Amino acid sequence: MAVPMMLLNLVDQLCEDDEEAAMKYAELGTWSVEKILQHLQRGGQAILENVSEDGKELPGCEGRHQNPGHAIEAGWFLLRQAFTNHDHNLGKIAVEKFLLLPFESGWDQEHGGLFSFQDVDGHCPTQLEWSMKMWWPHTEALIAFLIGYMETKDPRLLDNFHKVYEYAFSRFSDPEHGEWFGYLTQEGKVALPIKGGPFKGCFHVPRCLYMCEEMLTKLIEEEDDGANPK
């Protein structure tokens, strides 16, 4: 799912406030959405990370593989596309199937936090780090639920935002030295003290904080305007 979701995000960035670019890349955006939606499998009850070229479930552990963080990140890419094109149906699919569904299945009910990898049939995933809690799925969930709430005012999305916020800022964020730790154990303890490396670069955290601050500011302004109508 990585290729179409990255392309969809690229189209979104290139076309923002640019009608000429929007027309030029409209077909690529449509193709990306269609490819992402092919990963909605099992009668609409699971997002699978890998499917065949024609959108069919693959055999074995590769086909059963789920990545909750990736699904949620793809969800907010779909939401942006839906709102830009006034596509109510796509927006509903994005919220129900790409935000709420993987969050419900991917959230660790015992220790909190999002699992890194899952097996759709409940088998042990092949990835050794499957039970770890990593920084980036949580940053993407914060963005996704806030975007969804801004547009829909669905209280479920705001509740989930608060849940992720409380977990992320109490576990990943380092109040003494700044930045975020990247890798926690399943129980939520820091597994690796490094804050940067081959995989954790200066991307997910700054993007999350910038976008969330921007959206929260708008929500506060809307609330203030509602309380003090002109």
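Everything discussed here concerns the structure shown above.
Residues numbered from 1 in each chain as written. Predicted model: local features only at pLDDT ≥ 70, side-chain atom pairs only at ≥ 80, totals over all residues. Heavy atoms only, no water.

**Student:** Explain the sheet that holds strand β5 (residues 133-134) to me, please; I cannot follow it from the model alone.
**Tutor:** Strand pairing within a sheet occurs via backbone hydrogen bonds; the two strands may be parallel or antiparallel. If you walk across this open sheet you meet the three strands as β5-β6-β7, and the pairing is antiparallel. Where the open sheet ends on each side, the last strands, each with one partner, are β5 and β7 (190-192). The pairing of β5 with strand β6 (residues 183-184) spans two bridges and is antiparallel. Bridging from a neighbouring strand, lysine 133 pairs with leucine 184 of β6. (Pairing = 2+ DSSP bridges. Helix = DSSP H or I, 4+ residues; strand = E, 2+ residues; numbered from the N terminus.)

**Student:** Would you take a moment to explain helix α3 (residues 26-37) for this structure?
**Tutor:** Counting along an α-helix, one turn takes 3.6 residues, and residues three or four places apart therefore face a common direction. Its 12 residues place the ends of α3 17 Å apart at the C-alpha level, agreeing with the 16 Å of an ideal helix rising 1.5 Å per residue. Buried within α3 we find Gly29, Ser32, Val33, Lys35 and Ile36. Down the axis of α3, the sector holding all buried residues measures 165°, keeping them to one side. (Expected span 1.5 Å × (residues − 1). Buried < 20%, exposed > 50% of the residue type's maximum accessible area, 1.4 Å probe, protein only. Arc of directions from axis to C-beta.)

**Student:** Teacher, can you tell me more about a nonpolar patch on the surface here?
**Tutor:** A surface patch of nonpolar side chains, amounting to about 240 Å² of accessible area, comprises Tyr165, Phe169 and Leu209. Tracing the backbone through its elements, the reader meets tyrosine 165 in helix α8 (residues 155-171). Relative accessible area serves as the criterion here: at 35%, tyrosine 165 is assigned to the partly exposed category. (Patch = residues over 30% accessible without salt bridge, like charges linked within 9 Å, V, L, I, M, F, W, Y side chains within 5 Å. Areas by Shrake-Rupley, 256 points an atom, 1.4 Å probe, with all protein chains shown as cover. Salt bridge = Lys/Arg side-chain N within 4 Å of Asp/Glu carboxyl O.)

**Student:** For this particular structure, what's the right way to read the environment of threonine 126?
**Tutor:** For threonine 126, the location among the structural elements is in the loop between β4 (118-119) and β5. When the C-alpha atoms of threonine 126 and cysteine 61 are compared, they prove to be 7.4 Å apart, with 65 residues separating the residues in sequence.

**Student:** What's the story with the packing of aromatic side chains in this structure? I'm lost.
**Tutor:** For any pair of aromatic rings, geometry is given as the distance between the ring centres together with the angle between the planes. By the definition in use, this model includes 11 aromatic pairs. Where tryptophan 135 meets tyrosine 183, the ring centres are 5.4 Å apart and the plane angle is 70°; that geometry is what we call edge-to-face. Of the two residues, tryptophan 135 is situated in helix α7 (residues 135-152) and tyrosine 183 in strand β6; the sequence distance between them amounts to 48 residues. An identical accessibility class is assigned to tryptophan 135 and tyrosine 183; each is buried. Stacked on the ring of tyrosine 149, the Lys or Arg lysine 153 has its end atom at 5.7 Å from the ring centre. The ring of tryptophan 135 carries lysine 200 above its face, with NZ or CZ at 5.8 Å from the centroid. (Phe/Tyr/Trp six-rings, centres within 6.5 Å; stacked < 30°, edge-to-face > 60°. Lys NZ or Arg CZ within 6 Å of the ring centre and 35° of its normal.)

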